[in-house]
Amino acid sequence: EPKTEKPLEEKAAPPEEEKPAEKEPEKEPEPLAIDFDRIHDRVRSISIRDVTESGLFWSPTGARLAFTATIDGRKGLYTVTFPDDLKPKLLTSTTGSGPRWVKEKKAIRWVVRGAPAVTTGPKTESYGFRVPQEIDVAARYGAAFDVAWRIMRDRFYDVRLNGRDWSAIRTKYRRHASLSPDRAIFGKVVSMMLGELNGSHLGFSVSPERREGYRDEWRKVTGALGVRWDPEFEGPGLRVLAVVEGGPADRAASRVVPGEVVTSIDGRPVDRNVDPARLLTVLPDRAVTLRVRPAEGEERTVVIRPSSLHGVRRLLYRQWVRDREAKVDEASGGRLGYLHVRGMMWGSFHEFERQLHAAGYGKDGLVIDVRDNGGGFTADHLLTALTQPRHAYTVQRGGAPGYPQDRKVYASWHKPIVVLINQSSFSNAEIFAHAIRTLGRGQVVGVATGGGVISTGGARVMDFGFIRTPGRGWFLVGDGEDLEQNGARPHHEVWPMPGDAAKGIDRQLDKAVEVLVSDVGEWKKTGDLPKPKYRSER
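Residues numbered from 1 in each chain as written. Predicted model: local features only at pLDDT ≥ 70, side-chain atom pairs only at ≥ 80, totals over all residues. Heavy atoms only, no water.

Caption draft 1: Fine view of the overall build of the chain. A count of helices and strands for the chain gives 10 helices and 26 strands. Rg of the C-alpha trace for the chain: 34 Å, well past the compact-globule value of 24 Å for 538 residues, more than 25% over. Burial status across the chain gives 36% buried among its 538 residues. Total accessible area on the chain stands at roughly 35100 Å², and carbon and sulfur atoms take up 51% of it. Taken together, the 83 basic and 73 acidic charged side chains of the chain have centroids lying 4 Å from each other. (Helix = DSSP H or I, 4+ residues; strand = E, 2+ residues; numbered from the N terminus. Rg over C-alpha atoms; globule rule 2.2 N^0.38 Å. Buried < 20%, exposed > 50% of the residue type's maximum accessible area, 1.4 Å probe, protein only. Areas by Shrake-Rupley, 256 points an atom, 1.4 Å probe, with all protein chains shown as cover. Lys, Arg positive; Asp, Glu negative; His and termini not counted. Charge placed at Lys NZ, Arg CZ, Asp CG, Glu CD.)

Have a look at this one:
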């Protein structure tokens, strides 16, 4: 019922109460003052030898910095305290993701082994839970599609999205995405949407759905013996045509030599009608037993531990490089060196720098091969080694001219070069080839690259997968040509012929040697270092 108000005059006066003491007004916090004068001189670097830190985050006051690392063999969460105590201290051996340091509780909240957890000092309490959930599958797939569409709309390097009507493309594919029966089909629909852009460095990787309690540790793998079979051999058995140097069949305890015949694998007879890969698909690190019949003598048993296909390919690559080195050395009469840059990553760059000494020592020119190079990020590091400016040279008493390499950024090469490219030189390898032409550092031989040059990143699409986000274009200095869809063009176009590789023929390499021998001849006329002028000669 509503209350009936009394007239004002009838209202009783409230009893006298003791008034609470007046609170002192809260002091305004002092304004933050940052001394920007030469602030860069006050930057300090914390370096922990042989340690890689990850997951760095600050305490609420900013006095402590926490990070995950393995120090002295102990993995955990470490902290340093600013400004004086910079020696890492182990806070807890627990590690997780998404940490947040809560000031009031003096605790860290994060996700540990898939469950929310709270860490207070060395102690961690986990709060795992299970919740039944009903999902509108079509709506969820549609929402994930919208996320992928929106990410590309906002991050693609060309704001015009290569002239495509991106809203119309969303309409074209969204219904198909929402009706996908599973994630694999959903991923194909997203990939088709991305294909409308006709750009490189695009892709969508589907994340598998989690299956509780499922373990994938005992999956069989197909092993490789490191042998090549003779396709002309009628049988019975499989005759070894060649053995990969350094492979499983090239070891003292499990050696098989060309010409020998393998009659069985793990007791099962083999011939040209049996796929040996089926018999070599076993649990990882398991040895198999071969029966081997030599050209002369008795059949014997060989116990061999197969390698992975990747491992054998690595050995075949090494042999391929050695073959190219020998071809260049023979064709040039020992005047030229050869090196192959497999990728534009740190490992390949360090090998490149090493080869400037190993392959280039005593040579007049270098063939630098970036064929089948999938790219990366180190093109400018290679260029630094090949284009470092020179202002002087040094000569030891009675020695040859040379600049002390330990005073340079990288080992360097100033003599003539030729660069080999093909249709499988991609991304950063294309940038390198473009730069060689643009800077006039040397001639390029081979076939034009594909024109797939965009700097790329990536983003998660809910829990559905990972989408690549090519967000920065590359353009040539001068005419501003977009390197995307404009591959690096060689000075000398040479296509391989069908069957060349099997016959050991490399027409592109032969042309590179021819071009470089000519360039070395011209350089010899004009580019040799001058004779030192000593004080007594002036």
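Picking up after the structure, the text goes on.
Caption draft 2: A look at the pairing of strand β2 (residues 64-71). Counting buried positions along β2 gives six out of eight residues, so the element sits mostly inside the fold. Pairing analysis gives three bridges linking strand β1 (residues 54-58) to β2, with the strands arranged antiparallel. When the sheet's bridge partners are listed, Trp58 is paired in β2 with Leu65. Hairpin connection between β1 and β2: a loop of five residues separates the two successive antiparallel strands, and Gly62 in this loop has a positive phi of roughly 80°. Across eight bridges, β2 lies against strand β3 (residues 74-81) in antiparallel orientation. Counterpart to Ala69 in the pairing with β3 is Gly76. (Pairing = 2+ DSSP bridges.)

Caption draft 3: Spatial organisation of the environment of Val190. By the secondary structure assignment, Val190 is in helix α3 (residues 183-195). The class of Val190 is buried, set by a relative accessible area of 0%. For the pair formed by Val190 and Leu339, sequence separation is 149 residues and the distance between their alpha carbons is 40 Å. Those residues in contact with Val190, other than ones at most four positions away along the chain, are Phe145, Ala148 and Phe204. (Contact = heavy atoms within 4.5 Å.)

Caption draft 4: Quick look at the side chain of Ser332. Residue position: Ser332 is located in the loop between α5 (309-331) and β18 (336-340). Each residue touching Ser332, except ones within four places of it in the same chain, is listed here: Val513 and Val517.

Caption draft 5: Summary view of the packing of helix α6 (residues 346-358) against helix α7 (residues 379-387). Following both chains from N to C, one finds α6 and α7 inclined at 15°, their axes separated by 10 Å at the closest point. Here α6 lies roughly parallel to α7, going by the angle between them. Handedness of the α6/α7 crossing: right-handed. Along its contact with α6, which presents Trp346, Phe349, Phe352 and Leu356, the element α7 presents His381, Leu382, Ala385 and Leu386. Taken together, the residues of the contact of α6 with α7 break down into seven nonpolar, one polar and no charged. (Axes fitted to C-alpha atoms, helices over the stretch in contact; angles between N-to-C directions. Parallel < 35°, antiparallel > 145°, perpendicular 65-115°, else oblique. Left-handed = near helix turned anticlockwise from the far one by under 90°. Nonpolar A, V, L, I, M, F, W, Y, C, P; charged D, E, K, R; others polar.)

Caption draft 6: View of the pattern of salt bridges. Using the criterion set out here, one finds 26 salt bridges in the structure. Salt-bridge contacts for Glu125 lead to Lys123; the nearest nitrogen and oxygen are separated by 3.5 Å. Here Arg371 makes a salt bridge to Asp369, at a shortest N to O gap of 2.9 Å. Sharing partners across several salt bridges, the network here consists of Arg324, Asp369, Arg371 and Asp506. (Salt bridge = Lys/Arg side-chain N within 4 Å of Asp/Glu carboxyl O.)

Caption draft 7: Up close: helix α8 (residues 428-439). In this model α8 runs 16 Å from its N-terminal to its C-terminal C-alpha over 12 residues, within 8% of the 16 Å that 1.5 Å per residue would give. Buried residues in α8 make contact with β19 (365-369), α7, β22 (417-421) and β23 (443-446). Phi turns positive one or two residues past the end of α8, at Gly440, with a value near 65°. (Expected span 1.5 Å × (residues − 1).)

Caption draft 8: Fine view of the pairing of strand β17 (residues 300-304). In terms of strand pairing, strand β16 (residues 288-293) meets β17 through five bridges, oriented antiparallel. Directly across from Leu290, in β17, lies its bridge partner Val302. The antiparallel pairing of β16 with β17 creates a hairpin that spans six residues between the two strands, and Gly297 there sits at a positive phi of about 105°.

Caption draft 9: Structural detail: the nonpolar core. Counting residues in hydrophobic clusters, the biggest one holds 32 residues, and the most contacted among them are Phe352, Ile368, Val419 and Phe432. Where this core is concerned, the elements lending two or more residues are α6, β19, α7, β22 and α8. At six residues, α8 tops the list of elements feeding residues into this core. Contact partners of Phe352, with chain neighbours within four places excluded, come to Leu339, Val341, Ile368, Leu382, Ala385 and Leu386. Residues Ala148, Trp149, Leu161 and Leu194 belong to the second largest nonpolar core, which totals 26 residues. (Core = buried A, V, L, I, M, F, W, Y, C linked by side-chain atoms within 4.5 Å.)

Caption draft 10: Fine view of the confidence of the model for the chain. Averaged over all residues, the pLDDT of the chain is 88; the fraction at 70 or higher stands at 92%. The spread of mean pLDDT over the elements of the chain runs between strand β21 (residues 401-402), the lowest at 66, and β22, the highest at 97. Here residues 1-9 is modelled with pLDDT under 50, and outside its nearest four sequence neighbours on either side it reaches two contacts, counting other chains as well. (pLDDT = per-residue confidence, 0-100.)

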